Amino acid sequence: MSDLIRWEKKFKVGNSRIDSQHRKLFHLVNELYKAMQRGEAQERLDVILDELARYTDYHFRDEEGIFNATAYPEKENHCAFHRELIEKVQDLQKRRASGEILITVETLEFLKDWVSRHIMKTDQGLRPYIQIDDAGDTEAVESRD
Ligand SMILES: [Fe+2]
Ligand SMILES: [Fe+2]
């Protein structure tokens, strides 16, 4: 079964901690897609969507913690983008819980597009401010002002 979104080099932002979290986000989007292709019940898709929502929240907090410790100038805008997606997904979850909507291919396309565009357009801007520790540990670059 094919993936909806494939991890490629172009998505790397050069920080092993952030990159591995992004890969996990891709994985969860693909899990949701595959479950849908298998014809799983909406209740099963809800479970995966909940996991994706939790992991997204975790990732955003972690990423914000990393860039807030640097001289990255777009902190506020970046956090606003994150909040926008969190609210959108919470809205989806609420409307699913009330039976108002179904999780559809369009839902998946929205999530895929949001994640890939955010990484390419916004997270890539973090590149000059974050550094990789090859030992696998990541440290934020200190603010220089
Ligand atoms: Fe981000
Ligand atoms: Fe990110």
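Think of each chain on its own: its residues are numbered from 1, step by step along the sequence as written. Chain labels run from A onward and ligand labels from 1 onward, assigned in the order the entries are written. Predicted model: local features are reported for residues with pLDDT of at least 70 only, side-chain atom pairs are reported and counted for 80 or more only, and whole-chain, interface and lining totals are derived from all residues.

1. Remarks on the overall build of the protein chain
Secondary structure follows DSSP: runs of H or I at least 4 residues long count as helices, runs of E at least 2 residues long count as strands, and numbering of each begins at the N terminus. Across its full length, the protein chain carries 4 helices and 2 strands. Only the C-alpha atoms count toward the radius of gyration. The rule for a globule is 2.2 Å times the residue count to the power 0.38. On C-alpha atoms alone, the protein chain measures out to a radius of gyration of 16 Å, which is about the 15 Å that the 2.2 N^0.38 rule sets for 145 residues. Expressed along its principal axes, the backbone C-alpha trace of the protein chain runs to roughly 50 × 30 × 20 Å. Burial analysis of the protein chain (145 residues in total) assigns 17% to the buried set. Note that contacts rest on C-beta atoms placed from the backbone: two residues are in contact if these are within 7 Å. Contacts spanning at least 24 positions in sequence make up 70% of the contacts within the protein chain whose residues lie at least 6 apart. Comment: burial labels come from other C-beta atoms within 10 Å of the residue's own C-beta, placed from the backbone, where a count of 20 or more is buried, 12 or fewer is exposed, and between is partly exposed.

2. Quick notes on the environment of D50
For D50, the location among the structural elements is in helix α2 (residues 42-68). The class for D50 is partly exposed, based on 13 C-beta atoms found within 10 Å. Sequence separation between D50 and R6 is 44 residues; the distance between their C-alpha atoms is 21 Å.

3. A closer look at the environment of R95
Along the chain, R95 falls in helix α3 (residues 75-97). Apart from residues lying up to four places away in sequence, R95 is in contact with E100 and I101.

4. What about the nonpolar core?
Nonpolar cores are identified as sets of buried Ala, Val, Leu, Ile, Met, Phe, Trp, Tyr and Cys residues joined via C-beta atoms within 7 Å. In terms of nonpolar packing, the biggest core is built from 13 residues, with L25, L28, V29, L32, L49 and L52 touching the most fellow members. Put simply, the parts of the chain that give this core at least two residues each are α1 (16-37), α2 and α4 (105-122). When residues in this core are grouped by element, the largest group, 6 residues, is from α1. When near neighbours in sequence (up to four residues on either side) are disregarded, L49 contacts L32, Q93 and I103. Counting 5 residues, the second-largest nonpolar core is a separate cluster that includes I18, I66, L126 and I130.

5. Observations regarding the packing of α1 against α4
Contact geometry of α1 with α4 gives a least axis separation of 10 Å together with a crossing angle of 165°. Put simply, α1 runs roughly antiparallel to α4. Judged by the twist between their axes, the crossing of α1 over α4 is left-handed. Residues H22, L25, V29, L32, Y33 and M36 of α1 pack against L108, L111, K112, V115 and I119 of α4. Class assignment of the residues belonging to the contact of α1 with α4 gives a composition of 9 nonpolar, 1 polar and 1 charged. For helices, the axis comes from a line fit to the C-alpha atoms of the stretch in contact; other axes are also lines fit to C-alpha atoms, and the angle between any two N-to-C directions lies between 0 and 180 degrees. Here roughly perpendicular refers to angles of 65 to 115 degrees, roughly parallel to angles under 35, roughly antiparallel to angles over 145, and oblique to all remaining angles. Crossings are classed by handedness, with left-handed meaning an anticlockwise turn of the near helix from the far one by less than a right angle and right-handed meaning a clockwise turn. Three residue categories are used. Nonpolar comprises Ala, Val, Leu, Ile, Met, Phe, Trp, Tyr, Cys and Pro, charged comprises Asp, Glu, Lys and Arg, and polar comprises the others, including Gly.

6. Comments concerning the packing of α1 against α2
Axis separation between α1 and α2 bottoms out at 10 Å; the angle between their running directions is 165°. In terms of orientation, α1 lies roughly antiparallel with respect to α2. The element α1 and its partner α2 pack so that their crossing is left-handed. Contacts between α1 and α2 involve I18, Q21, K24, L25, L28, V29, E31, L32, A35 and M36 from the first element and R44, L45, I48, L49, E51, L52, Y55, T56, H59, D62, E63 and I66 from the second.

7. Let's talk about α4
Each residue after the first adds 1.5 Å to the expected span of a helix. Along its 18 residues, α4 runs 25 Å from first to last C-alpha, staying within 8% of the 26 Å computed at 1.5 Å per residue. The elements touched by buried residues of α4 are α1.

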